[in-house]
Amino acid sequence: MTRSILIFLGAFAAISMSFTALALLPRLQLATVEPTPGTDAYTYEEQLGYEVYQREGCLYCHSQQVRPDGFGSDIARGWGRRGSRPGDYVFDDRHQLGTMRTGPDLHDIASRQPSQDWHLAHLYQPRSVSPGSVMPAYPYLFEVKKESQVRPSEVTVPITPKYAPPGDSVVVATEEALALYEYLMTLKLEELDQSS
Amino acid sequence: MSEATSSSVPRSPGLPPGQSPDDLEANWRRTVDRSTRWPVVAFIASGTFWLIIGSLLALIASFKFQYPDWWTQQAWLTFGRIRPAHLNTVIYGWISMAGVGVATWLWSRLLKTQLRGRGLQLISVVLWNIGMVIGTIGILAGYSRSIEWVEMPYAAFAFIVPAMVLVVASFLLTLRERRVQHLFISVWYLGAAMLWGPFLVMAMLLPIYSGVPEATANWWYAHNILGLWITPMGLAAAYYFIPKVIGRPVYSYHLSYLGFWTLALFYNWAGVHHLVGGPAPQWLATVSIVFSVMMIIPVIVVAVNHHLTVVGHFKKLKYSPTLRFIVFGAMSYTSVSLQGSMQSIRSWQEITHFTHYTIAHSHLGVYAFATMIIFGAIYYIMPRVTDWEWESPRLISIHFWTTGLGVGAYFTALTIGGVIQGLQMLDPDIAFLQIVDSTKPWLVVRSVSGTLMTIGHFVFAYLLVRIMMRSGTRSDGPTYFRPAPAGIFGSRAGDGSTEETPSVEEIEERPGL
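Just so we're clear, the structure is a prediction, and the values are computed from it rather than from any experiment.

**Student:** Explain the overall build of chain A to me, using residue names and the numbers behind them.
**Tutor:** Tallying secondary structure elements over chain A gives seven helices and three strands in all. N-terminal to C-terminal, the α/β element order of chain A is α-α-α-α-α-α-β-β-β-α. In terms of C-alpha radius of gyration, chain A reaches 22 Å, well past the compact-globule figure of 16 Å for 196 residues. Its C-alpha atoms give chain A principal-axis dimensions of roughly 80 × 50 × 35 Å. Contacts spanning at least 24 positions in sequence make up 67% of the contacts within chain A whose residues lie at least 6 apart. Total accessible area on chain A is roughly 8,900 Å²; 56% of this is exposed by carbon and sulfur atoms. If the 17 positive side-chain charges of chain A are averaged to one point and the 24 negative ones to another, these points end up 8 Å apart.

Structure (structure tokens):
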């Protein structure tokens, strides 16, 4: 019996130490970190978009962490003017750092591609603006309806003829598609004040 | 239970007339095996069900890279939901449930006592399956928690965590009734896994994380579920079955203690290397790299013990399905672990992180190592708990070659594709869509090899159903790929006995052997 208790205690001590160091300590260390300039709490619509981003599993192909100068070539690629900082994430209750770049990093997508038309067309049919892309299309975030039935408050998405719906139908963005766009526009890395 | 189950009996005088110590040994073993029948069969069958579901999800996800406009109208079929559904079904459904089935059988056998808490285990299977159904449907319906490796909603874990605790309870009840003095190394690994697994899940479900600290906790968790829940179960099985089937003791039994403690101390810390170069505090990644590299020690120890035990007995791989699957798994363990230590280094991460290379690595671990060992263990265990034999050596052979070649091709293709992807990503002059383009051929290989593996899983599931239903005619000896020469697996093989040479028990009688 003594032997089995020793094994138990040893195994328990091992995992408790690493839990404290790797899961709890960073929490304490970063508890006081200030949001970086441009990082704000999400508005209602941005929050909705953030939830759509999680629900559709964008993180499995898009990271949200720009590597710092000297490690990789993210900055040279134009994926951000600086590496990501803990302060960029303080309002994220579900981190979306990601581990995969089947698609490009998105942490600074708002600086690189601010166009609403582009993003909505890309979500409706990625290959209409990025030929050769393997990203899934998200037609269920859009409605296809007759042009005459579009209400003035609705946003119509311009689609290249090859992928546009036939006849006089047009593509209209749903609330979720627009919210997702608003969320993507929060992903912006602003230059840090050198003195801070 | 009479005293006939006591381990000391074979040596004691006063045997019933006409019985040899060997008969008694075989009898109590049968009693112990049968006591585990329902929980073990239920866990293995449930696991295999989730393996099939998980494989189909994987295939859909993989073919979406060739046909990105296929099945896009329905939200629940989008890649970003299918992929986590695949991961969660194979990790918490297949490998965890089948692993618990194998672990339960090993636990009783190695403690030489009937399984206690059988009712608890059966309740556990039911709860676990309910949790898996809720979790899988939850992710597909859009309720993913969006934390890698723990995507299933809380409602699913509300069933799975109690299910795990019930298994632990049954293990503790059985441990209390053990009839051995010496605890074989597999018992150490299994006992520790039963502590670590529930600890990890409960710690990760705490609602205390957000932002970057959540990412460090996430990778502490995800890597440890692999290293401290799945790996110990796989190693425990390999430590038991390799010597058992070959009929020869573990190469260096003392070394196995070193292997256990170094795994327990080092593996814990390795996971955060997923955040090298990211926004996490640098000391975290550095600590992780150091411990990842130190993992070489337990890996070499286990490699020595597993591989040097097999040396000189390779011809037995021609006959025994259990041995062939498990030796494949043990070799993969050595490869995946050494690869893991190397790739945690910064300059390597710079290339391979964020690429398909990582996906190849994780399949080398969960599939080529853990899954193959579990397959091998199931081929040994099922005949002993069902009192029936496998229907067809040819189908077992098909299962081995489809899964073995499948995962080999999978790993090779994604490793090459991933390195190309990583090198191109380092060159800012190469347009991103061009990088996407150069990964495409390797992703085709993935779909093909995934299809091959899935075919193997269907063959395996068919064999499992047949042996559970006791279908076909009963054969009177262990199922080998081809007729084994007399005496190759010890004196008892081929004579209708379901036992082979009892080498592990010998070690327990003579520690240090």
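Now that the structure is up, let's keep going.
**Student:** Outline helix α7 (residues 211–246) of chain B, supporting the account with residue identities and numerical values.
**Tutor:** Residues and elements named next belong to chain B. Taking 1.5 Å of rise per residue, the 36 residues of α7 would be expected to cover 52 Å, and the 51 Å separating its terminal C-alpha atoms lies within 8% of that figure. Of all the bends in α7, the greatest, near 40°, is centred on Asn-224. In terms of burial, α7 is largely enclosed, as 36 of its 36 residues are buried. The positive-phi residue at the C-terminal boundary of α7 is Gly-247, with phi of around 85°.

**Student:** Tell me about the interface of chain B and chain A, and name the residues and values.
**Tutor:** Contact residues are listed per partner, giving 82 residues for chain B and 72 residues for chain A. Taken together, the two surfaces of chain B and chain A that pack against each other cover about 6,700 Å², and 66% of this comes from carbon and sulfur. Connecting chain B to chain A are three salt bridges. Across the pair Asp-69 of chain B and Arg-127 of chain A runs a salt bridge whose closest N-O atoms are separated by 2.8 Å. At the boundary of chain B and chain A, one finds 29 residue pairs in polar contact (both at pLDDT 80 or more).

**Student:** I'd like to hear about the state of the cysteines, residue by residue, with values.
**Tutor:** Residue and element names in this part refer to chain A. Going through the model one piece at a time under the given rule, you end up with zero disulfides over all chains. The cysteine Cys-61 is free of any disulfide, with Cys-58 supplying the nearest cysteine sulfur at 8.8 Å. For Cys-61, a relative accessible area of 14% gives the class buried.

**Student:** Go over the domain arrangement of chain B with me, naming the residues and quoting the values.
**Tutor:** Residue and element names in this part refer to chain B. Taken domain by domain, chain B holds domain 1 (31–182) and domain 2 (237–513). The C-alpha-based centres of domain 1 and domain 2 are spaced at 19 Å. Facing the 34 residues of domain 1 at the interface are 41 residues of domain 2. With both sides pooled, the region where domain 1 packs onto domain 2 buries about 3,100 Å², and carbon together with sulfur makes up 71% of that total. Looking only at domain 1, the three residues that lose the most surface to domain 2 are Trp-105, Arg-109 and His-182, adding up to 18% of its buried area. Taken together, domain 1 and domain 2 are joined by two salt bridges. With a shortest N-O distance of 3.6 Å, Asp-387 and Arg-37 are connected by a salt bridge. The interface formed by domain 1 and domain 2 contains ten residue pairs in polar contact (both at pLDDT 80 or more). Residue assignment for the side of domain 1 that touches domain 2 shows that the elements contributing at least two residues are α1 (21–35), α2 (37–66) and α3 (79–111). The element best represented in the side of domain 1 that touches domain 2 is α2, accounting for 15 residues.

Cut-offs and rules
- All residue numbers refer to position in the chain's written sequence, counted from 1.
- To read the labels, note that chains go from A and ligands from 1, taken in the order they are written.
- Residue-level local features of this predicted model are given only where pLDDT is at least 70; pairs of side-chain atoms are given and counted only at 80 or more, and the full residue set underlies all totals for whole chains, interfaces and linings.
- Hydrogens and waters are ignored; side-chain quantities use all the structure's heavy atoms.
- By definition, any uninterrupted DSSP run of H or I lasting at least four residues is a helix, any uninterrupted run of E lasting at least two residues is a strand, and each is numbered from the N terminus.
- The quantity called the radius of gyration is restricted to C-alpha atoms. Its globule counterpart is 2.2 Å times the number of residues to the power 0.38.
- Here a residue-residue contact requires only that any non-hydrogen atoms of the pair lie within 4.5 Å.
- Shrake-Rupley sampling with a 1.4 Å probe provides the accessible areas, and residues are treated as covered by the protein chains on show and by no other component.
- Only four residue types enter the tally: Lys and Arg on the positive side, Asp and Glu on the negative side, with His and both chain ends excluded.
- A single reference atom marks each charge: NZ on Lys, CZ on Arg, CG on Asp, CD on Glu.
- Multiplying 1.5 Å by the residue count of a helix minus one yields the expected span of that helix.
- In this scheme, the bend at a residue equals the angle between the axes fitted to the seven residues that finish there and the seven that begin there.
- Burial classification: accessible surface area is computed with a 1.4 Å probe over protein chains only, and a residue below 20% of its type maximum counts as buried, one above 50% as exposed, and the rest as partly exposed.
- Buried area is calculated as the accessible area (1.4 Å probe) missing from two parts once they are joined, with the contributions of both summed.
- We define a salt bridge as a contact between a side-chain nitrogen of Lys or Arg and a carboxyl oxygen of Asp or Glu at a distance within 4 Å.
- For the purposes of these results, a polar contact is taken to be a pair of N or O atoms within 3.5 Å, where, inside protein, one atom must be able to donate a hydrogen and its partner to accept one; residues adjacent in sequence count only when each atom of the pair is a side-chain atom.
- Pairs of cysteine sulfur atoms within 2.5 Å are what we label disulfides.
- These domain limits were set by an automatic method or by a database of domain assignments.

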